[in-house]
Structure formats: structure tokens, C-alpha cells
Amino acid sequence: MLAGVCAGLADRLGVDPTLVRLVFALLAFASGAGIVAYLGAWMLLPAPGAPSTSGARRIGGVVLLIGAAVLALHGLGLDNSFVFPLALVAAGAALALGAVSFGLRPRTARAVAAILVVAGIVVFLGENTRGSATALLAPGAVAIALLLVLGPWAYRLARERDAERAERIRTQEREELAARVHDSVLQTLALIQREPNDPRRVATLARRQERELRAWLYPSSEPAGDGTLAGAVDAAAAEIEELHGVRVEVVRTGDAPLDERTQALVLAAREAMANASKHSGVDEVSVFLDADTTHVALFVRDRGAGFDPDAVAADRRGIAESIRGRMERVGGTVRIVSAPGKGTEVELELPEAET
Amino acid sequence: MSKSVPLRRVVLVDDHDLFRAGVRSELGPTVEVVGEAGSVADAVPLIKELDPDVVLLDVHLPDGGGQAVVLEVAPERPGVKFLALSVSDAAEDVIGVIRAGARGYVTKTISGEELTEAIHRTADGDAVFSPRLAGFVLDAFRTGEAAADPELDQLTSREREVLQLIARGYRYKEVAAKLHLSTRTVESHVSAVLRKLQLSNRNELTRWAAQRRLI
């Protein structure tokens, strides 16, 4: 009506402006409280379009609103001895809660608020009790005042810290994901773009990336740990893929601990995979590991050129030493099935250890 | 495939256009791709309408996965056979699609020639076991705990032998030669394993899958 305060307030609160105007009109009859409240609200509310009001104007607004509350309570017939202390406490609480928005430094605001609240409580007690009771109640009043003033501040501080921590965890996760994608996928894509004309290299890069990503995405399907036979076989296969640009498809059931014997088996298997990659002429090698705690069998198979095992030249030390020698030293056996044109399969077996 | 091979009508369900295009170009002349879909919602009505011989089904789909497609289509179109095709190694996903009714599982690195063969095998009602699936099944049926229904809950030693050879990378024909059996016999062993996998209530099977998800 006058300065658009009722409409502004209604807009803020999301109620009908008429209702707000009615409340102000009624309040105006209570010792003129409505008029004072109207002025206070006008000082507090920013004009439409203006970003916000100044600190000083806001303090004025709050003082006027509290004044209006005092007048209204007067109008209701309450005693001065009750109303004035209440006004002091309310002013203190308003300061404590709104220090920042009033443009005051938090420490100053808290000090002023504490003084106001304590003064309010002491005045109230002084007016309403007699001598001895005051002496007992004053410390309690101070404690309540401190709680009122410091409570909201401590609560807000705790809330901010929680929000900060959650945000920090989110950021950390995002950074970890970004780092991983950068270290792996982006690097691989960059490498592939640099060497697009070398299909073998591209295939190797893609395969390695696939393996890494898979191990990260589906950790549940790769229960093999670092210290187990299955993990070591996976690692050996990965190395061979990398070194020779072939695909090594590992299928495994069961697992066994990694010890001297199984370690020898892994090395022999690695040699067999390397041979298949180098001599078979095909680019896919199958590995099957069947293990439990007592018995281990491992098969390395390719569908390549094959050879006549009886006619192997003496200089092919790979099979004689690296595979057969290794396995026999730990009590294992080797069987090689191959024929020209029929591919090759190397079977490595470790029977139950005699302990 | 020198004999006169019937032309198989196939629907491709995979959410990657590039992958579908790759499969289409790799399949031999005995396979005709009659339709493609990229999601469960698109696939279900399309398969019901086209009634193909075989559906090549990605295990992972954005709105539910291959399992959902099988479960929705199979009751209405019992003639349609499903072959799961995936890059996923996650055993529980693969076993899930198989238990829903797929006739087999191959990995996406399979060659076009082998895939064509697998489609014909699926269309004929046989089971298609890649080395990886054989490994999963051996693992799942591994423990020696007493089974409630030995008929369904355990593998025979012959079935185990066949699966082990498949896991080693043998094709059915090679398995047959190695074990001195006919290819037909090998196929029936594999189909029997598939049936056990689908029907067994064996506790270990679910527990095994659950463990893999949790570890």
C-alpha cells in the first residue's frame, strides 16, 4: 500500500498479500505495533530489483521489529518487567543468528549478543524475584545466555564441516576416476592415434587396455590375487601378450597358493606361451588352468603350424630346459602333443606334493 | 559347411551400433540379419514380431540386460533360440542369461567364422560353450558337497572331461576325436550340461554366483 512492504513480504512468505495487510492493520491497534513493524520490515526487505540492503539498515530494521514486538506485548497487557527483558534477549538472539547478514564481524556480534542476552535475563530475574534468589539464579542465567548465543554458531560450524568433508570425498573420487582414465584409456587412445598403421601394435594396445579396464570394472570376476597361482598365470599371459602381440585367452577353475613348485609351473607355462606365440604362426593362444590344493594341471594350446616333437633340433633349448627341466625338478610332468599342421598343446602337471 | 545349409534368420541385440555393424559384416552368407535392437524395450517387440531362428544377445543392455529379453520373449516364442554374446567376464551375468534360457555364451572376440558356426549350432537346438563358459561351469559344479539331486546337481565324469577339453580351447570336433566319440555325442553331452545348468537348484550354484559378486 505504502512502500510495497506487504506485497514484498507476502511474496517472500508465499501467502496472499491481503492476509499480510490484515495482520499489519490489526497490529496497528495494539499500541501502534503494526506501524512500527511496517517500518522495520521496510528497512529489512530489499527494494524489488535491488540485490540486498545494507548492514546498518538491517540492524535498524531488527530494532524496529523488536520494538514492535514490545509494543504488541504491551498492547496485550503484559507487564514491563516481563516485556523489556524479553526484548533484550530477542535482540541478542537475532544478533547471534544473523551476525553475518548484518555485516558484523562474528566475534563482535557474539560479544554484543551475549551482553544483550545476559542483561535481559538478569533484568528479568531482578524484577521478578527477591534478593537471595537472584544470587543463585544469576550464574544459571549467564550459562543459558551463553548457550543461546554460542549454540547456533557451534551447530552451524559442525554442519559446515560435515558438508566440507562430503565434498572432499566426492572430489577425491572424481579425481581418482579422472586419473585412472587419464593414465589408461586416454594414453592408449593417444598411442593408437600415433600409430594407426601398425595393426599389430594397435591390437596389442587395445588388448592391454581391455585387460586393465576389465580388472578394474569387474574385480569380482577376477578373484585371483597377486600371491596366488591363478594371479601369476594371468600376469604371465599378460606379459606374453605384450611381448609378442598375440592374444592369450586364459580360462581357469580353482586356484592354489604360489610356492616353489607352482612358481616353476608358471615359468614353464610362460615359456610354452612364448613358444606358441613365436613359432605357431597364429595370433591366439589358449591357456587352461585347472587347480586345487592338491593337484594342478595347466594346458597351453595353439592352432598353428605344429611340429614333430621327435625331430626337434637340439638347439631348441626352450622345451628341453625351460619347460621339461623346470617341471621335472619340482616333481611335475610335461606332455607335448603336436604334429605338423595340427597345432600344439603343452600339458603341465603337478601331482600332490609328498610332504 | 559344404552341405546345403539352411539360411538362418537372426536378430542382433546390442547397444553398440559399431559392434552390430561389425558382426553383420563378419557373418557368413548362411546367416541373414533380419533385425537389430539396442535395448530391452526395443528388442522384445521386435523379436516377437520377426520370430527369428536365433537372437544374438548382449549380456549387458542399458535397460535390464539380456536376461530380461529372454524372460520376456521365451514364453511367447518358444521357437526362438538365444545365444549370449558379451565382453563381460562376470560369471554371474553369464550364468544368469544361461539360466534364463540362452543356449550358450560366446565372447565378442570370437571370429566371424566361429560365430556363424555357433549360430547354426544354436538354431539346431545344441548348446554353445566357449572355453570361458566351460571354465565357469566347471567352477560352479566343482565342490564335492553332497547334492540334493545327483541327476541334476552333478556332472558325470564324461561331461567333466568334455568341458575340460572345451576349456582348453578344443572345438567340438576336436573333443570328439580326442575322446574317440562322435561329434553328435559330444553335442549331447554339452546339451546335458546346459540342461543341468538351467534346471539345477543346487545351492552351490547360487552361492557360488553370489560369492563372485561379493568378493
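Scroll up to find the structure this text is about.
Here goes a summary of the coordinates provided.

About the criteria used
Throughout, residues of each chain are indexed from 1 in the direction in which the sequence is written. To label them, take the chains in the order written and letter them from A, then take the ligands in the order written and number them from 1. Local features in this predicted model are restricted to residues whose pLDDT is 70 or higher, and side-chain atom pairs enter the listing and the counts only when it is 80 or higher, whereas totals over whole chains, interfaces and linings include all residues. Note that water and hydrogens are dropped before the side-chain values are worked out from all heavy atoms of the structure. In what follows, residue pairs with any heavy atoms lying within 4.5 Å of each other are defined as contacts. A 1.4 Å probe defines the accessible area here, and the buried area is the portion of it lost by two parts on being joined, summed over both. By convention in these notes, a salt bridge is any Lys or Arg side-chain nitrogen within 4 Å of a carboxyl oxygen on Asp or Glu. N or O atoms within 3.5 Å of each other form a polar contact, as long as, within protein, one can give a hydrogen and the other can take it, and as long as residues adjacent in sequence are counted only when both atoms are side-chain atoms. Every helix listed is a DSSP run of H or I at least four residues long, and every strand listed is a run of E at least two residues long, numbered separately from the N terminus. Lys, Arg, Asp and Glu make up the charged group, whereas Ala, Val, Leu, Ile, Met, Phe, Trp, Tyr, Cys and Pro make up the nonpolar group; the residues left over, Gly among them, are polar. For Phe, Tyr and Trp, rings pair up if their centres lie within 6.5 Å, where Trp contributes its six-membered ring, and each pair is then called stacked (planes under 30 degrees apart), edge-to-face (over 60) or tilted (otherwise). The buried label goes to any residue with under 20% of its type's maximum accessible area, the exposed label to any with over 50%, and the partly exposed label to all in between, with areas taken from a 1.4 Å probe on protein chains only. Charge over a ring is defined by NZ of Lys or CZ of Arg lying within 6 Å of the ring centre and within 35 degrees of the ring normal.

What follows concerns the interface of chain B and chain A. Taken together, the 26 residues of chain B in the interface contact 24 residues of chain A. When the two sides are added together, the surface that chain B and chain A hide from each other amounts to roughly 2,100 Å², 44% of it contributed by carbon and sulfur. Counting across the interface, chain B meets chain A through 6 salt bridges. Here Glu 174 of chain B ties to Arg 303 of chain A by a salt bridge, and the two come within 2.6 Å at their closest N and O atoms. In this assembly, chain B and chain A are joined by 9 residue pairs in polar contact (both at pLDDT 80 or more). Where the side of chain B that touches chain A is concerned, the elements lending two or more residues are helix 4 (91-100), helix 6 (131-140), helix 8 (157-167), helix 9 (172-179) and helix 11 (203-214) of chain B. When residues of the side of chain B that touches chain A are assigned to their parent elements, the largest contribution, 5 residues, is made by helix 6 of chain B. Along the lines of polarity and charge, the residues of the side of chain B that touches chain A split into 8 nonpolar, 7 polar and 11 charged.

Our focus in this paragraph is the environment of Glu 159 of chain B. Residue and element names in this part refer to chain B. Summarising the element assignment, Glu 159 is placed in helix 8. C-alpha of Glu 159 to C-alpha of Val 186: the two residues are 27 residues apart in sequence and 8.6 Å apart in space. A distance of 2.9 Å separates polar atoms of two side chains, one belonging to Glu 159 and the other to Lys 196.

Looking now at the packing of aromatic side chains. One pass over the full model with this rule turns up 1 aromatic pair over all chains. An angle of 15° between the planes, with centres 6.0 Å apart, marks the rings of Phe 288 of chain A and Phe 299 of chain A as stacked. Of this pair, Phe 288 of chain A sits in strand 2 (residues 284-291) while Phe 299 of chain A sits in strand 3 (residues 296-302), and the two are 11 residues apart along the sequence. The burial state of Phe 288 of chain A is the same as that of Phe 299 of chain A; both residues are buried. Over the aromatic face of Tyr 170 of chain B sits the side chain of Arg 301 of chain A, whose NZ or CZ is 3.9 Å from the ring centroid. Positioned above the aromatic ring of Phe 19 of chain B is the side chain of Lys 108 of chain B, whose terminal nitrogen or guanidinium carbon lies 4.1 Å from the ring centre.

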